[in-house]
Amino acid sequence: MRLSRDDPGLPLYHNENNRNQTLRRIRTRARFWFAQRSTGVKIGLLFLIGFLLFGLLKICSRAITTDVHQMAVPNQNQDPIIINEQIIGGKPENPKEDDERVNDDMAVEMDNRQSDAENSPAHKQAHRATGKSVKFNGPDNERQKAVVKAFQHAWLGYKKYAWGHDTLKPVSKSYSDWFDTGLTIVDGLDTALIMGLEEEAAEATEWIQNKLTFEKDRMVNFFECTIRVLGGMMSAFYLTGNEMFLEKSVDLGDRLLSAFKSPSPIPFSDVNLLKRTGTNPQWGSDSSLSEVTTVQLEYRALSRASGNSTYEDLSFNVSQHIHKIGCDHEGLCGMFINANTGTFKKGATITFGARSDSYYEYLFKQWIQTGKTIDWLKDDYGKAMAAMEKYLYRNSEPNKMFFIGELLSGETYSPKMDHLVCFIAGTLSQGSQNGFPRKHMDMAEKIGETCHNMYDNPTGLGPEIAHFNMIPGKEDLYVKPLDAHCLLRPEAIEGWFYLYRFTGNKKYQEWGWAAFQAIEKYARISTGGYSSISNVKKINVQYRDSMESFLLGETFKYLYLLLGDDQTVLPLDKWVFTTEGHPLPIYDH
Ligand code: DMJ
């Protein structure tokens, strides 16, 4: 016996002859001892040895099976396509044979199908990230119960008049289709789960499983479809562990990837789900900044759950590209970027509202989602917040309300703030809890308060856009008639939810409750559902006859979470809420 190929032949023991003699002696004595035993003892001993050997074999085979199942599984549902020189999806060569080989090797495990399912990569990932499916206890006080009832009233109207269509038209008791993917069901499902509404969640699950198909010959907006449909289903997957949601997400994700068939890392804005083609928007040649930079949380979750890194790679490439080319104004970007050239449009408006908002949100939230491991995301976010404070953050007269204005054509200051901007109160406060300056919390509270002031209208609802007065005068803010409508958007309530979680100041709950009561009073349609309204200043309400899916996906969800006594539900160091309010797990990398 040699220690190694280079070993000259030294015995393993200092005296090999002695060792061999000892072994021979032990064997002889054992044989003699065994021969002396009775037949019963002999049979018992043979059984014991057999049992021990079987146990050993079982342990070894389980270890091998786990390794095999932990290997990433590429998407196998479509032919390979090539985008930006990367091969996406496609069937593995001789997949059956591969499977058979694995199964032969793992023969001992074949009788245990349940255990096989539990070892699948998606299931493992879900459990690794969230534990078992998340349990929610339902409302814990009267205000939460009222919000649950409101959700059910919205669901009921949708079910009666629009089931399976995108959105309810509650006044005309009909529906409208945008993507034709049952938008209200998929956007609202995780809210039903969080509220503990088992019946509604079961109805939604059943519809998604049996009716939802993406074989649709229609153009859909890549961003909206991602944040509402893909985000909704991925959240449902992580909250329930039901793999059907993941399978549907993979199907949709693959189709939506057609947006990346552009000549640059910037995706097209629209996608044909059936033909798997991507195009520029109908209204122009540019994609919106927020749209191309607000799909990354959803696609990362899809990649991590499915084992196919393509979704994460392509979407993160957009963020990396923008990081590389940089933004004018010390980290503030223009609102348009071209999918053909990959460059920003010169002289575009800089805003934290429509077309740009969630770029900043996802810089921060991607950093959080990836366990704070990607420094440049944090740096770009910090830089942008400093520039926002320098160029856009101002206060009104006479009461010094703080707001975030815009730079029209990248230059001229406009004291205009969309309701959408209110999201930043949540992001800034969460940032301040995660190492960004205390000043960010201060700004968050001030903007949260301004958003509350925007609700100071006869209806108690907030307008789409407000303008602020910066010179001495009577009114701090005013609303132009064309900006006075209200789609029952979530952002102000979302901001108050974060602020309440981090400060514990009950005024945020009171503001949320007041907004909820206003929704009940002025937007509720008695036959089912809620309607957007035309003017928040008129109590003689005019309905716009539409119930947006984000009312269920976000507004009611944030109200419910804000108003709960238990603020440990969905802890913010384990879950990150997407821009559409869908919770996804936080990873450690
Ligand atoms: C939602 O669809 C998302 O929050 C998106 O980022 C912008 N706003 C709407 C709701 O207002």
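Per-chain numbering applies: the sequence of each chain, read as written, is numbered from 1 onward. Side-chain atom pairs in this predicted model are given and counted only at pLDDT of 80 or more, local residue features only at pLDDT of at least 70, and totals for whole chains, interfaces and linings cover all residues. Processing note: side-chain calculations cover all non-hydrogen atoms of the structure and skip hydrogens and water entirely.

(A) Layout of the state of the cysteines. When two cysteine sulfur atoms lie within 2.5 Å, the pair is treated as a disulfide. Inspection of every chain in the model, using the stated rule, returns two disulfides. The disulfide that involves Cys-327 links it to Cys-333, with 1.9 Å between the sulfurs. On the sign convention where negative is left-handed, the bridge of Cys-327 and Cys-333, at about 75 degrees about the S-S bond, is right-handed. You'll find Cys-327 and Cys-333 in the same group, each marked buried. One disulfide in the model links Cys-422 with Cys-451; its S-S distance is 2.1 Å. In this structure, the disulfide formed by Cys-422 and Cys-451 twists by about -105 degrees around the S-S bond and is classed as left-handed. Placement of Cys-422 in the loop between strand S14 (416–418) and helix H17 (423–433) and of Cys-451 in helix H18 (residues 438–454) is noted, with a sequence separation of 29 residues between them. In this pair, the class of Cys-422 matches that of Cys-451, namely buried. Counting only the cysteines that take part in disulfides, in the order they occur along the protein chain, gives the pairing 1-2, 3-4. Here's how the labels work: a residue is buried when its accessible area is under 20% of the maximum for its type, exposed when over 50%, partly exposed in between, all with a 1.4 Å probe on protein chains only. Strands are runs of DSSP state E lasting at least two residues, helices are runs of H or I lasting at least four, and both sets are numbered from the N terminus onward.

(B) A look at the pattern of salt bridges. We count a salt bridge whenever a side-chain nitrogen from Lys or Arg sits within 4 Å of a carboxyl oxygen from Asp or Glu. Taken as a whole and judged by the stated rule, the model has 22 salt bridges. We note a salt bridge from Glu-142 to Lys-145, for which the minimum N-O separation is 3.3 Å. Linking Glu-142 with Lys-145, this pair stays in helix H6 (residues 142–161), spanning three residues, or about one helical turn. When its relative accessible area of 41% is taken as the criterion, Lys-145 is described as partly exposed. One salt bridge in this structure joins Lys-275 and Asp-217, with 3.5 Å as the shortest N-O distance. Of the two residues, Lys-275 is situated in the loop between strand S6 (270–272) and strand S7 (277–279) and Asp-217 in the loop between helix H8 (198–210) and strand S5 (219–221); the sequence distance between them amounts to 58 residues. Ionic contacts of the salt-bridge type, sharing partners, join the residues Glu-215, Asp-251 and Arg-255 into one network.

(C) Examining the UniProt feature "active site" (unreviewed entry) in the protein chain more closely. UniProt positions are given in the numbering used here, feature names are shortened, and annotations may be inferred rather than shown by experiment. As recorded in UniProt, the sites labelled "active site" (unreviewed entry) are Glu-224, Asp-357, Glu-464 and Glu-491. Structurally, Glu-464 can be placed in the loop between H18 and strand S15 (465–468). Glu-464 gets classed as buried once you look at its relative accessible area, which sits at 13%. We call two residues contacting when some pair of their heavy atoms lies within 4.5 Å. In this structure Glu-491 touches His-419, Leu-420, Cys-422 and Phe-423, once residues within four positions along its chain are discounted.

(D) The arrangement of the site of the ligand in detail. Nearness here has a simple test: a residue counts as near a molecule or strand if at least one of its heavy atoms is within 4 Å of that partner. All residues in the neighbourhood of the ligand are listed as Ile-227, Arg-228, Leu-420, Arg-489, Pro-490, Glu-491, Phe-550, Glu-554, Thr-579 and Glu-580. Counted as a polar contact is a pair of N or O atoms within 3.5 Å, where, for protein atoms, one must be capable of donating a hydrogen and the other of accepting one, and residues adjacent in sequence contribute only when both atoms are in side chains. Here an oxygen atom of the ligand sits 2.6 Å away from a polar atom, N or O, in the side chain of Glu-491. In the environment of the ligand, an oxygen atom lies 3.1 Å from a nitrogen or oxygen atom belonging to the side chain of Glu-554. Coverage of the ligand by the protein chains reaches 93% of its 290 Å² of free accessible surface. Gly falls in the polar group here, along with every residue not listed as nonpolar (Ala, Val, Leu, Ile, Met, Phe, Trp, Tyr, Cys, Pro) or charged (Asp, Glu, Lys, Arg). Considered class by class, the residues forming the shell around the ligand number four nonpolar, one polar and five charged. Residue-level accessible areas treat just the shown protein chains as cover; the underlying method is Shrake-Rupley with a 1.4 Å probe.

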